[in-house]
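Topology and contacts: notes
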Amino acid sequence: MKILSHIQIVLVVIFSLLASPMIFAQLADPIFVNLKSSGSSYADQFPASTNYSYGIVEFDSPQLGIPEFIQGAGNTLKVMFTPDPGAVGTANLIVTYYTLSAPVYPVTKAYIFNVSS
């Protein structure tokens, strides 16, 4: 069994520190949103790179309304959701995008929309 040299240990530590932001970005808590089905809507705008791919990964309740994930002003992305009139239930939305600042890495964001009358 070979013992790691000091250089190898330093390289492993550096790699671990560089990889941790990407790992923790994938483990974010979902954003809980309570909405009324009579005229309310939700919008979330945040900085993100629009030079890389972005989009909706999953939306499980199209009967509650249609989500939008669009480019906002400048280097921002915007998640919007407006429930259909009279809709009641829970919808899960998962989106993915890349960060704006270096190092650029993918981010997955989850929303849980609780729609009531």
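Here is a short report on the structure shown in this document. (Residues numbered from 1 in each chain as written. Predicted model: local features only at pLDDT ≥ 70, side-chain atom pairs only at ≥ 80, totals over all residues. Heavy atoms only, no water.)

Overview of the sheet that holds strand 6 (residues 89-98)
Spatial strand order, 1-7-6-3: four strands in an open sheet with mixed pairing. If you trace the sheet from one side to the other, it starts and ends with strand 1 (31-36) and strand 3 (55-59), each paired once. Put simply, the sheet's adjacent strands are angled 25° from each other on average, direction ignored. (Pairing = 2+ DSSP bridges. Helix = DSSP H or I, 4+ residues; strand = E, 2+ residues; numbered from the N terminus. Axes fitted to C-alpha atoms, helices over the stretch in contact; angles between N-to-C directions.)

Thoughts on the environment of Leu100
Within the fold, Leu100 resides in the loop between strand 6 and strand 7 (106-116). Expressed as a C-alpha distance, the spacing of Leu100 and Tyr52, which sit 48 residues apart in the sequence, is 9.7 Å. Residue contacts for Leu100: discarding those within four places in its chain leaves Pro47, Ala48, Ser49 and Asn75. (Contact = heavy atoms within 4.5 Å.)

A look at the sheet that holds strand 5 (residues 76-83)
Strand order in the open sheet formed by three strands is 2-5-4, and the pairing between neighbours is antiparallel. In this open sheet, the two strands that pair with only one neighbour each are strand 2 (42-47) and strand 4 (65-71). Averaged over all adjacent pairs, the angle separating strand axes in this sheet is 10°, with direction ignored. Strand direction decides the pairing type here: strand 2 and strand 5, joined by six bridges, are antiparallel. Bridge pairing in strand 5 links Ala43 to Met80.

Focus: the environment of Tyr98
With respect to the helices and strands, the residue Tyr98 is situated in strand 6. When the C-alpha positions of Tyr98 and Asn51 are compared, they lie 8.7 Å apart, and in sequence the two are 47 residues distant. Leaving out residues up to four positions away in the same chain, Tyr98 has contacts with Ala48, Ser49, Tyr52, Ser53, Val104, Tyr105 and Pro106.

Focus on the side chain of Asp44
Mapped onto the elements, Asp44 comes out in strand 2. Within polar-contact distance, the side chain of Asp44 engages the side chain of Tyr111 at 2.6 Å. (Polar contact = N/O pair within 3.5 Å; in protein donor to acceptor, adjacent residues only side chain to side chain.)

Some remarks on the nonpolar core
One recurring pattern in soluble globular proteins is that nonpolar side chains are buried together. Core analysis: the largest hydrophobic core is formed by 20 residues, its most contacted members being Phe46, Tyr111 and Phe113. When sequence neighbours within four positions are dropped, the list of residues in contact with Tyr111 reads Ile31, Tyr42, Asp44, Phe46, Val79, Ala91, Asn92, Leu93 and Val95. (Core = buried A, V, L, I, M, F, W, Y, C linked by side-chain atoms within 4.5 Å. Buried < 20%, exposed > 50% of the residue type's maximum accessible area, 1.4 Å probe, protein only.)

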